[in-house]
Amino acid sequence: MALWGGRFAQGPEESAFVLSRSVHFDWRLAPYDLRSSKAHLAVLKKSGLIAAMDADAIAAALNELSAEVVSGSFIAIDSDEDVHSALERGLNEKIGALGGAIRAGRSRNDQVTTDLRLFSIDHMLEVARLITLLQTAILEKASEYVNDPAPGFTHIQHAQPVSFGHELAKHAHAFARDLDRINDWLARTSVSSLGAGALAGSSLALDPEFTAKNLGFDSTFANSIDAVSDRDYVAEALFIFAMIGNHLSRIGEEWTLWASQEFAWAKIADAYSTGSSIMPQKKNPDMAELARGKSGRLVGNLMSVLTMLKGLPFAYNRDLQEDKEPLFDSIDTLMLVLPAVTGMIATTGFDREKMALAAPGGFSLTTEIADYLAKKKVPFAVAHEAAGRCVAMCESSGRELHQLTDAEFVQVHPQLDGGVREVLTVHGAINSRTTAGGTAPVLVTAQIKAALAANAKTEKEIASKHAAFSEMMSA
Ligand code: ARG
């Protein structure tokens, strides 16, 4: 049943109808649409705009319809334009013309964005939960390798040795920022749009505050024209998802590199690997590659919504219907990628010996020589130069730094005495990095402990927010 038509001599031509139709993708808003309809009905009843008896009959029909949507016995049909028209058809099939009474003071313009906010909040909380599980996997894996040295890289060149636990734990800090962003987003998104009408508000005695509270929103719109127009929360959610994708892609890149024959640090579990159709020996890190690859569509979805919004006149324009598919796609993508990456990380083993052997390679202890001199008050530029000369001597004679003789050290700089040998060890170098956030294992252990505690707290907060949301939905 169309929600409009009185002033038209004919219905839409087939191509026009199929272009405007959205029910094949917006049907997933149905539970949120039904819930926001209940809230709107409550305010119509409260203000006497619908007689109590009629309101109760409509409420009963909405409850029935909700159950049928959940069980799948009520579904959209070809002639439904969008989720809102499909559900109104369902209501009318139950109670006839009375069903249309619920449209008083409401437009699809304030309705659709209210539904989409509810949908987004619900799914954002699920994404957040999956991230906390990923965080646990990262941090627990990191804690297994705190005392294992590995080369640390800049420019993918050996730079300085680090604790491999430090290397792994860094990812948890990136995702902690995503969780922070989600928290900020939740506060900004918790605004009801119901009552804004098509754009100008309503002459009927609605109570937007009452509706907002009913739906668990923190507040209601301040400007009705902005309320029906605002899709910042969609763009912001897509940015958060793109950033999460970006962080996942960097894990994907690392795991792919570390699982290569050349590195052979990471042993990805069979359960998270795939084979080749022609090369029987192959074991490929496809989950890591997909984590890297899927980030492309997450960025693409953000671009697509930002581009749609740019220059768009305020209030409602049909362009806004294009907000949904990118949002749904990003959410669906993360629901697939996050659990697989979590499992991959939890089941990956690392070759401690190989990493430890590689740690001093590429003269990664050279900074220790410079720091040794700097501690003896040698100006750093001079110390840097001297340490560089040690590397040059090693390179020209095919030796490692610790193989230089005492005489050679002193010849490079008079203050390079035998004491320098003590700092020319991987463990010495790692243990000496004791400034806050540094790689010394005692600090890494503390970092991981603090991050695990923060994550457990976040996990609890998300669970309680989600429980409150679910309670609101089933009210
Ligand atoms: N399906 C529409 C959308 O997703 C619902 C709002 C339609 N409003 C309108 N004025 N045609 O945006």
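Our structure is the block above this text.
Would you mind going over the layout of surface pockets in detail, with residue names and values included?
Estimated volume of the largest pocket: approximately 600 Å³. Around the largest pocket sit 21 residues that line it, and E167, K170, H171, R250 and E254 are the ones nearest its centre. Mapped by element, the contributors of at least two residues to the lining of the largest pocket are β1 (149-154), β2 (157-163), α7 (164-189) and α10 (232-258). Class assignment for the residues of the lining of the largest pocket results in 8 nonpolar, 7 polar and 6 charged. Around the second largest pocket, the lining comprises 19 residues; the ones closest to its centre are A259, S260, Q261, A266 and K283.

Account for the nonpolar core, naming residues and giving values.
Core analysis: the biggest nonpolar cluster contains 92 residues, and F241, I244 and W255 have the highest contact counts within it. In terms of residues, this core owes the most to one element, helix α6 (residues 108-144), which gives 15 residues. Apart from residues lying up to four places away in sequence, F241 is in contact with M124, V127, L298, L327, S330, I331 and L334. Membership of the second largest hydrophobic core comes to 25 residues, among which are V378, A387, F409 and V426.

Explain the packing of α6 against helix α19 (residues 441-474) residue by residue, including any values.
At a closest axis distance of 9 Å, the pairing of α6 and α19 adopts a crossing angle of 155°. Considered as vectors, α6 and α19 are oriented roughly antiparallel to each other. The two elements α6 and α19 cross, and the hand of that crossing is left-handed. By residue class, the composition of the contact of α6 with α19 is 13 nonpolar, 7 polar and 5 charged.

Hey, could you go over the site of the ligand for me, with residue numbers and the actual values?
Taken together, S22, D82, H84, R108, N109, V112, Y316, R318, Q321 and K324 make up the full set of residues near the ligand. S22 has a polar side-chain atom sitting 3.5 Å from a nitrogen atom of the ligand. A distance of 2.5 Å is found between an oxygen atom of the ligand and a side-chain nitrogen or oxygen belonging to Y316. Protein contact buries 87% of the 340 Å² of open area that the ligand shows by itself.

Give a detailed account of helix α11 (residues 286-309), specifying residues and quantitative values.
With 24 residues, α11 extends 35 Å between its outermost C-alpha atoms, agreeing within 8% with the 34 Å of an ideal straight helix rising 1.5 Å per residue. Listed in full, the buried residues belonging to α11 are A288, A291, S295, L298, N301, L302, V305 and M308. Just downstream of α11, G311 is the residue with a positive phi angle, here 75°.

Any details on the packing of α10 against helix α12 (residues 324-346)? Residues and values, ideally.
It is the contact of α10 with α12, at a shortest axis distance of 10 Å, that shows an interaxial angle of 30°. In terms of axis orientation, α10 runs roughly parallel to α12. Relative to α12, the crossing made by α10 is left-handed. Along its contact with α10, which presents V234, A237, L238, F241, I244, L248, I251 and W255, the element α12 presents P326, L327, S330, I331, L334, V337, L338, V341, M344 and I345.

Provide a residue-level description of the pairing of β1, including the pertinent values.
Looking along a regular strand, one sees the side chains alternate between the two faces of the sheet. Relative to β2, β1 runs antiparallel, the two sharing 6 bridges. Looking across to β2, one finds that T154 is bridged to Q157. Between the end of β1 and the start of β2, which pair antiparallel, lie 2 residues, with H155 showing a positive phi angle near 55°.

Would you mind going over the state of the cysteines in detail, with residue names and values included?
Covalent bonding between the sulfur atoms of two cysteines defines a disulfide. If you walk through the whole model with that rule in mind, you get 0 disulfides. Not part of a disulfide, C390 finds its nearest cysteine sulfur in C394, a span of 7.0 Å. Residue classification places C390 among the buried residues on the basis of a relative accessible area of 0%. Given the relative accessible area of 1%, C394 is considered buried.

Mind laying out empty space enclosed by the protein, listing which residues take part and the relevant values?
Counted under the stated rule, the structure contains 1 cavity of 30 Å³ or more. The computed volume of the largest cavity comes to approximately 30 Å³. Forming the boundary of the largest cavity are H40, V43, L194, G195, L206, P208 and T211. If you list the elements that add at least two residues to the lining of the largest cavity, you get α3 (30-46) and α8 (208-214). Here the lining of the largest cavity is built from residues that sort into 4 nonpolar, 3 polar and no charged.

Thresholds applied
Residues numbered from 1 in each chain as written. Predicted model: local features only at pLDDT ≥ 70, side-chain atom pairs only at ≥ 80, totals over all residues. Heavy atoms only, no water. 1 Å grid on protein atoms, 1.4 Å probe; cavity = no way out; pocket = protein on both sides within 12 Å on 5 of 7 lines; lining within 4 Å. Points joined across faces, edges and corners; volume = space filled by probe spheres on them. Helix = DSSP H or I, 4+ residues; strand = E, 2+ residues; numbered from the N terminus. Nonpolar A, V, L, I, M, F, W, Y, C, P; charged D, E, K, R; others polar. Core = buried A, V, L, I, M, F, W, Y, C linked by side-chain atoms within 4.5 Å. Buried < 20%, exposed > 50% of the residue type's maximum accessible area, 1.4 Å probe, protein only. Contact = heavy atoms within 4.5 Å. Axes fitted to C-alpha atoms, helices over the stretch in contact; angles between N-to-C directions. Parallel < 35°, antiparallel > 145°, perpendicular 65-115°, else oblique. Left-handed = near helix turned anticlockwise from the far one by under 90°. Near = heavy atom within 4 Å. Polar contact = N/O pair within 3.5 Å; in protein donor to acceptor, adjacent residues only side chain to side chain. Areas by Shrake-Rupley, 256 points an atom, 1.4 Å probe, with all protein chains shown as cover. Expected span 1.5 Å × (residues − 1). Pairing = 2+ DSSP bridges. Disulfide = S-S within 2.5 Å.

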